[in-house]
Amino acid sequence: MTSQDVQHRKAEFARYLAQSQARLYGYIHSLVPDLTHADDLYQQTALVLWAKFDEFDRARSFFAWACGVARFEAANYVRSLGRQRRFFSDELSLLLVEAHEEMAEDELAERRQALSKCVDKLAAGDRALLTECYLDPAGVPAAAARRNRSTHSVYNSLRRIRQALLKCITRALGG
């Protein structure tokens, strides 16, 4: 491979990655809620994508391929931390890949904006519970202990909050 070929390959990879960067990072963040870990995982995924770029089939979606690599890297990452409930299952991760692939970037931006507004509309206690469960590395068990509640009770509250957010987002988007 000539140096010109290598430069062309690097430029091609950079174009593909730049076009998918925001969506790929969003997907990774949906698998690993902690921003610092998502940043690290994005960097690791980008390195693996570059190392395997020769295997990429140009007839397929780069984003879907990148999500597959990211999912594998996330699974390795989660295994290295030990299984924690706040990470999604492989089945749900596959559904997320398909959903992200189908959504246009502007639709994702609208949904993020609607989610932000809907979270702001939640009761202060519900917002605090979300923050505590999803941003604290100790997750639901620690939040339950601090609140003197069972983990089952906290999971039920989170389910209720997520359902309310879904309804709010659906209304906000006119659906």
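The structure presented is a predicted model; accordingly, all values stated were derived computationally and were not measured. (Residues numbered from 1 in each chain as written. Predicted model: local features only at pLDDT ≥ 70, side-chain atom pairs only at ≥ 80, totals over all residues. Heavy atoms only, no water.)

## Observations regarding the state of the cysteines
For the structure on display, the rule yields 1 disulfide. The disulfide partner of Cys 118 is Cys 168, and the gap between their sulfur atoms is 2.1 Å. Looking along the S-S bond of the Cys 118-Cys 168 disulfide, the torsion reads about -85 degrees, which is the left-handed sense. Of this pair, Cys 118 sits in helix α5 (residues 105–121) while Cys 168 is found in helix α8 (residues 151–172), placing the two residues 50 residues apart along the sequence. The exposure class of Cys 118 is buried, given its relative accessible area of 3%. (Disulfide = S-S within 2.5 Å. Helix = DSSP H or I, 4+ residues; strand = E, 2+ residues; numbered from the N terminus. Buried < 20%, exposed > 50% of the residue type's maximum accessible area, 1.4 Å probe, protein only.)

## Details of the packing of helix α1 (residues 3–31) against helix α2 (residues 35–51)
Contact pair α1 / α2: the axes reach a minimum separation of 10 Å and the direction vectors enclose 150 degrees. Comparing their axes, α2 and α1 come out roughly antiparallel. Two packed elements cross with a definite hand, and for α1 against α2 that hand is right-handed. Of the residues in α2, those in contact with Arg 9, Lys 10, Phe 13, Leu 17, Gln 21, Leu 24, Tyr 25, Ile 28 and His 29 of α1 are Leu 35, Ala 38, Asp 39, Leu 41, Tyr 42, Thr 45, Ala 46, Leu 49 and Trp 50. When grouped by side-chain class, the residues that make up the contact of α1 with α2 number 12 nonpolar, 3 polar and 3 charged. (Axes fitted to C-alpha atoms, helices over the stretch in contact; angles between N-to-C directions. Parallel < 35°, antiparallel > 145°, perpendicular 65-115°, else oblique. Left-handed = near helix turned anticlockwise from the far one by under 90°. Contact = heavy atoms within 4.5 Å. Nonpolar A, V, L, I, M, F, W, Y, C, P; charged D, E, K, R; others polar.)

## Some words on the packing of helix α6 (residues 124–135) against α8
α8 packs onto α6 with a crossing angle of 115 degrees between their chain directions and a minimal axis gap of 11 Å. Classified by the angle their axes make, α6 and α8 are roughly perpendicular. The chirality of how α6 crosses α8 is left-handed. Contacts from Asp 126, Leu 129, Leu 130, Cys 133 and Tyr 134 in α6 reach Val 154, Ser 157, Leu 158, Arg 160, Ile 161, Arg 162 and Leu 165 in α8.

## Brief notes about the environment of His 152
Checked against the element boundaries, His 152 lands in helix α8. On the basis of relative accessibility, which here comes to 54%, the residue His 152 falls in the exposed class. Residues His 152 and Pro 141, spaced 11 residues apart in sequence, show a C-alpha to C-alpha distance of 9.3 Å.

## Re the nonpolar core
Counting residues in each nonpolar core, the largest one holds 24 residues, and the members touching the most others are Leu 17, Leu 24, Ile 28, Leu 49, Phe 62 and Trp 65. Looking at this core, the elements with two or more residues in it are α1, α2 and α3 (62–81). With 9 residues, α3 is the largest single contributor of residues to this core. Setting aside chain neighbours within four positions, we find Ile 28 in contact with Ala 38, Leu 41, Tyr 42, Thr 45 and Ala 70. (Core = buried A, V, L, I, M, F, W, Y, C linked by side-chain atoms within 4.5 Å.)

## Side note on a positive patch on the surface
Positive charge collects at one region of the surface, where Lys 117, Lys 121, Lys 167 and Arg 171 lie side by side. The topology assignment puts Arg 171 in helix α8. Here Arg 171 falls in the exposed class, since its relative accessible area comes to 61%. (Patch = residues over 30% accessible without salt bridge, like charges linked within 9 Å, V, L, I, M, F, W, Y side chains within 5 Å. Areas by Shrake-Rupley, 256 points an atom, 1.4 Å probe, with all protein chains shown as cover. Salt bridge = Lys/Arg side-chain N within 4 Å of Asp/Glu carboxyl O. Lys, Arg positive; Asp, Glu negative; His and termini not counted. Charge placed at Lys NZ, Arg CZ, Asp CG, Glu CD.)

## Let's talk about unusual backbone geometry
Positive phi, normally seen in glycine, also occurs at Asn 148, with a value near 60 degrees. Relative to the assigned elements, Asn 148 resides in the loop between α7 (139–146) and α8.

## Considering the packing of aromatic side chains
Using the criterion set out here, one finds 12 aromatic pairs in the structure. Taking the centre distance of 5.1 Å and the plane angle of 35 degrees together, the rings of Phe 56 and Trp 65 count as tilted. The class of Trp 65 is buried, set by a relative accessible area of 14%. Here the aromatic cluster, defined as three or more aromatic residues joined through ring pairs, consists of Phe 13, Tyr 16, Trp 50, Phe 53, Phe 56, Phe 62 and Trp 65. For Arg 23, the ring lying beneath its charged end belongs to Phe 63, and the centroid distance is 3.8 Å. Stacked on the ring of Phe 53, the Lys or Arg Arg 58 has its end atom at 4.4 Å from the ring centre. (Phe/Tyr/Trp six-rings, centres within 6.5 Å; stacked < 30°, edge-to-face > 60°. Lys NZ or Arg CZ within 6 Å of the ring centre and 35° of its normal.)

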